[in-house]
Each structure stands twice: as C-alpha cells, then as structure tokens.
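Coordinate analysis (summary)
Spelled out from the first residue to the last, the chains are:
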Amino acid sequence: ITAYARANGGDEYSTANLEKLMPWDVTFWSERLKESKFELKEEELRPYFALPNVLQGMFDLVDRLFDISVKQADPDEVQVWHPDVSFYKVFDNASGDHIASFYLDPYSRPADKRGGAWMDVCLGKTSAVE
C-alpha cells in the first residue's frame, strides 16, 4: 500500500517527506489500490449487499451453525429510539425456547450515537456473567 501511495500520491508521499504511511491514510490508499488492481469500486458492490439481504444471509448462517433462529419482533412489542431500529428475538430450534433478544441499529447518526466500545456497560447488567 505504501509503494502505491508513493507512486500515486505525489510529493507529499515521497520517501523524503514521509517515512511510512500514516494510519489515517491506510484505508484511503487501500481502497485506491483495490480500485486500480481489480477495476472495481466499493460503491459498485452496494446493490449486492442491501441490508435485508445481508441480515437474511447472516441469520441463515447462525441457524446452520448454532441451530438457532432469529426472528424480527412485532414493532408494537417494543419501543425503539428511531424508526430504523429493529428488535429481534433468538430462539433455540430444538426446544423452541426464546433464549435471547437484541436491538439492531444499523445506521450511523453521529449526532445521536456514541462511538466506540460502549457495550461494556451491558456486561455488568447481565445475569449471564454471574
């Protein structure tokens, strides 16, 4: 990636001006390298990975791997903080028991959401770790 950035990034990325590629540049130059090598832009893949298709694929996979089913709950069953948020229930296929639930909030709303590792507070509030 560094060699590609040096070859295509101009004087700013020359060996004389930059000893090594900075962490914040890696993603950018990695994407440019993929685009030039495979003649494919990430945006062109977007139609093949629509959220409903990805979720269904993921839920089918966990069904096969762990013998569990993930079903979306009725929207009237739970309160959500945004219309894009959905609530799912996890069932054991063998017994049919409801074993877990989770909220899915797939879209970034920087003004409303905290970044990073905020789920740590959930661990202290679960009886599963006791």
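My aim in this report is to walk through the structure given alongside it, one point at a time.

**A word on the side chain of Ser86**
Along the chain, Ser86 turns up in strand 2 (residues 86-92). Overall, Ser86 belongs to the buried group, its relative accessible area being 11%. Among the polar contacts listed, one links the side chain of Ser86 to the side chain of Tyr88, at a separation of 3.4 Å.

**Describing the pattern of salt bridges**
As enumerated under the stated definition, the model contains four salt bridges in all. Across the salt bridge formed by Glu43 and Arg46, the nearest N and O atoms sit 2.8 Å from each other. You can call Glu43 exposed: its relative accessible area is 52%. Of the residues examined, Arg46 reaches a relative accessible area of 55% and is grouped as exposed.

**Regarding helix 2 (residues 23-38)**
In this model, helix 2 (16 residues) spans 23 Å end to end at C-alpha, consistent with the 22 Å of a helix rising 1.5 Å per residue. Of all the residues in helix 2, the buried ones are Asp25, Trp29, Glu31 and Glu35. Axial view of helix 2: buried residues confined to an arc of 150°, hence all on one face. Structural note: helix 2 exposes Pro23, Thr27, Lys37 and Phe38 on the side pointing more than 90 degrees away from its buried face. Lining the buried residues of helix 2 we find helix 1 (2-8) and helix 3 (42-45). Just past helix 2, the residue Glu39 takes up positive phi, approximately 50°.

**Details of the packing of aromatic side chains**
Under the criterion given, the structure shown has eight aromatic pairs. Aromatic pair Tyr13 and Trp29: ring centres 5.3 Å apart, planes at 75°, arrangement edge-to-face. Pair noted here: Tyr13 is in the loop between helix 1 and helix 2 and Trp29 is in helix 2, with a separation of 16 residues, a long-range link. With respect to burial, Tyr13 and Trp29 carry one shared label: buried. Both rings, one in Trp81 and one in Tyr103, keep their centres 5.1 Å apart while their planes meet at 50°; by these two values the pair is tilted. You can see Trp81 sitting in the loop between strand 1 (68-72) and strand 2 and its partner Tyr103 sitting in strand 3 (residues 98-104), a full 22 residues away along the chain. Residue classification places Trp81 among the exposed positions, given a relative accessible area of 52%. Among the aromatic side chains, those forming a connected cluster through ring pairs are Tyr4, Tyr13, Phe28 and Trp29. Above the plane of the ring of Phe28 lies Arg32, whose end atom (NZ or CZ) is 4.5 Å from the centre.

Calculation rules
Residues numbered from 1 in each chain as written. Predicted model: local features only at pLDDT ≥ 70, side-chain atom pairs only at ≥ 80, totals over all residues. Heavy atoms only, no water. Helix = DSSP H or I, 4+ residues; strand = E, 2+ residues; numbered from the N terminus. Buried < 20%, exposed > 50% of the residue type's maximum accessible area, 1.4 Å probe, protein only. Polar contact = N/O pair within 3.5 Å; in protein donor to acceptor, adjacent residues only side chain to side chain. Salt bridge = Lys/Arg side-chain N within 4 Å of Asp/Glu carboxyl O. Expected span 1.5 Å × (residues − 1). Arc of directions from axis to C-beta. Contact = heavy atoms within 4.5 Å. Phe/Tyr/Trp six-rings, centres within 6.5 Å; stacked < 30°, edge-to-face > 60°. Lys NZ or Arg CZ within 6 Å of the ring centre and 35° of its normal.

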